Amino acid sequence: VHFAGALPGQRQPIIPGWKRAVKRVIDIIGALAGLLFAIPLVALAAIAIKLDSPGPIFYWQVRIGENGRTFRIAKLRSMVADAEAQLEQLIDLDELSDEPAFKLVDDPRVTRIGRILRRTSLDEAPQFYNVLRGDMSLVGPRPEEARIVHLYSDHQRRRLAVKPGITGPMQVSGRGALSFSERLALELEYIEH
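### Description of the nonpolar core
- Ranked by size, the top nonpolar core spans 11 residues in total: Ile64, Ile148, Val149, Tyr152, Leu160, Ala161, Val162, Phe180, Leu184, Leu188 and Ile191.
- Secondary-structure elements contributing two or more residues to this core are helix H5 (146-149) and helix H8 (180-192).
- Among the elements that make up this core, the one with the highest residue count is H8 (four residues).
- Residues in contact with Leu184, not counting those within four places in the same chain, are His155, Gln156 and Arg159.

This is the structure we're talking about:
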């Protein structure tokens, strides 16, 4: 697999023809089933989010998808309402050039309910909507923020060769405990095979 850039329409799909169609059908069926299962849980979580902290129930953020296409990812809000404004006080993005990823341990922006939502991955349930729209797949590399993708080398951009997923090799093999290079190796192996 060679993926040199993150511009839409430059590459042939990694998963061609009928295999791509089958994967899309599986994604649609899985997303519909996921939504049916998740709707009651999301409703309960929405009440808990509103009672726990001020701000919206859902969090929308621009992420980078297949071949560098941007889309708005949906999540249940697990942080305080002004979490984005607080980020630059917590991390220097210029120091991420070697490992263009970050995960703050004990992030002070995460709410009490947010900790539960993250532990159970319920905060990700609205992404079944992204799968139905075709922005994401059920399985694939996790979608990343534009400011992080901007720091990627050409080799690291190869993870953008397929649709990002709700779950993927990283979640199965260690979640946040993996370094970016370990995560990248798992994701590229998934993409190539």
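### Let's talk about the pattern of salt bridges
- Enumeration according to the criterion identifies 14 salt bridges in this entry.
- Between Glu66 and Arg20 there is a salt bridge; the shortest N-O distance is 2.8 Å. Linking Glu66 in the loop between strand S1 (58-64) and strand S2 (70-76) with Arg20 in helix H1 (residues 17-52), this pair joins segments that are 46 residues apart in sequence.
- Classification of Glu66 by relative accessible area gives buried; the value is 7%.
- Classification of Arg20 by relative accessible area gives partly exposed; the value is 29%.
- The shortest N-O distance in the salt bridge between Lys75 and Glu124 comes to 3.7 Å. Residue Lys75 is located in strand S2, and its partner Glu124 is located in the loop between helix H3 (112-120) and helix H4 (127-133); the two are separated by 49 residues in the primary sequence. Accessibility classification places Lys75 together with Glu124 in one group, the buried group.
- Each of the salt bridges in this network shares a partner with another, and the network as a whole consists of Lys75, Asp123, Glu124 and Arg142.

### A few points about the packing of aromatic side chains
- What the rule picks out here adds up to two aromatic pairs.
- Ring centres 6.1 Å apart and planes at 90 degrees place the aromatic pair Trp60 and Tyr129 in the edge-to-face group. Pair noted here: Trp60 is in strand S1 and Tyr129 is in helix H4, with a separation of 69 residues, a long-range link.
- A relative accessible area of 38% places Tyr129 in the partly exposed class.
- Note on Tyr152 and Phe180: the rings are 5.7 Å apart at their centroids and 40 degrees apart in plane angle, and the pair reads as tilted. With Tyr152 in the loop between H5 and helix H6 (154-157) and Phe180 in helix H8, this residue pair connects regions lying 28 residues apart in the sequence.

### Some thoughts on the sheet that holds S1
- As summarised here, the arrangement of the three strands in space is S2-S1-S4, forming an open sheet in which the pairing is antiparallel. The two strands at the open ends of the sheet, each matched to only one other strand, are S2 and strand S4 (144-145).
- The pairing of S1 with S4 spans two bridges and is classified as antiparallel. Its bridge partner being in S4, Ile64 is matched across the sheet by Glu144.

### Notes on unusual backbone geometry
- The phi torsion at Asn67 lies on the positive side, around 55 degrees, for a residue other than glycine.
- If you trace the backbone, Asn67 turns up in the loop between S1 and S2.
- Taking relative accessible area as the criterion, Asn67 reaches 4% and is therefore assigned buried.
- The backbone phi angle of Ser121 is positive, close to 65 degrees, even though this residue is not glycine.
- Under the relative-accessibility criterion, Ser121 is labelled partly exposed at 25%.

### With respect to the packing of H1 against H3
- Where H1 meets H3, the closest approach of the two axes is 8 Å, and the angle between their N-to-C directions is 150 degrees. Comparing the axis directions of H1 and H3 gives the class roughly antiparallel. Between H1 and H3, the contacting residues are Ala45, Ala48, Ile49 and Asp52 on the first element and Arg112, Ile113 and Leu117 on the second.
- For the contact of H1 with H3, a count of residues per class yields five nonpolar, no polar and two charged.

### Looking at the side chain of Arg63
- Along the chain, the position of Arg63 falls in strand S1.
- For the buried Arg63, no salt bridge is present, and the opposite-charge side chain at shortest range is Glu145, 4.8 Å distant.
- Separated by 2.8 Å, the side chain of Arg63 and the backbone oxygen of Pro143 make a polar contact.
- The residues touching Arg63, leaving out its near neighbours within four places in the chain, are Arg69, Thr70, Phe71, Ile73, Lys75, Pro143, Glu144 and Glu145.

Conventions adopted
- Residues numbered from 1 in each chain as written.
- Predicted model: local features only at pLDDT ≥ 70, side-chain atom pairs only at ≥ 80, totals over all residues.
- Heavy atoms only, no water.
- Core = buried A, V, L, I, M, F, W, Y, C linked by side-chain atoms within 4.5 Å.
- Buried < 20%, exposed > 50% of the residue type's maximum accessible area, 1.4 Å probe, protein only.
- Helix = DSSP H or I, 4+ residues; strand = E, 2+ residues; numbered from the N terminus.
- Contact = heavy atoms within 4.5 Å.
- Salt bridge = Lys/Arg side-chain N within 4 Å of Asp/Glu carboxyl O.
- Phe/Tyr/Trp six-rings, centres within 6.5 Å; stacked < 30°, edge-to-face > 60°.
- Pairing = 2+ DSSP bridges.
- Axes fitted to C-alpha atoms, helices over the stretch in contact; angles between N-to-C directions.
- Parallel < 35°, antiparallel > 145°, perpendicular 65-115°, else oblique.
- Nonpolar A, V, L, I, M, F, W, Y, C, P; charged D, E, K, R; others polar.
- Lys, Arg positive; Asp, Glu negative; His and termini not counted.
- Polar contact = N/O pair within 3.5 Å; in protein donor to acceptor, adjacent residues only side chain to side chain.

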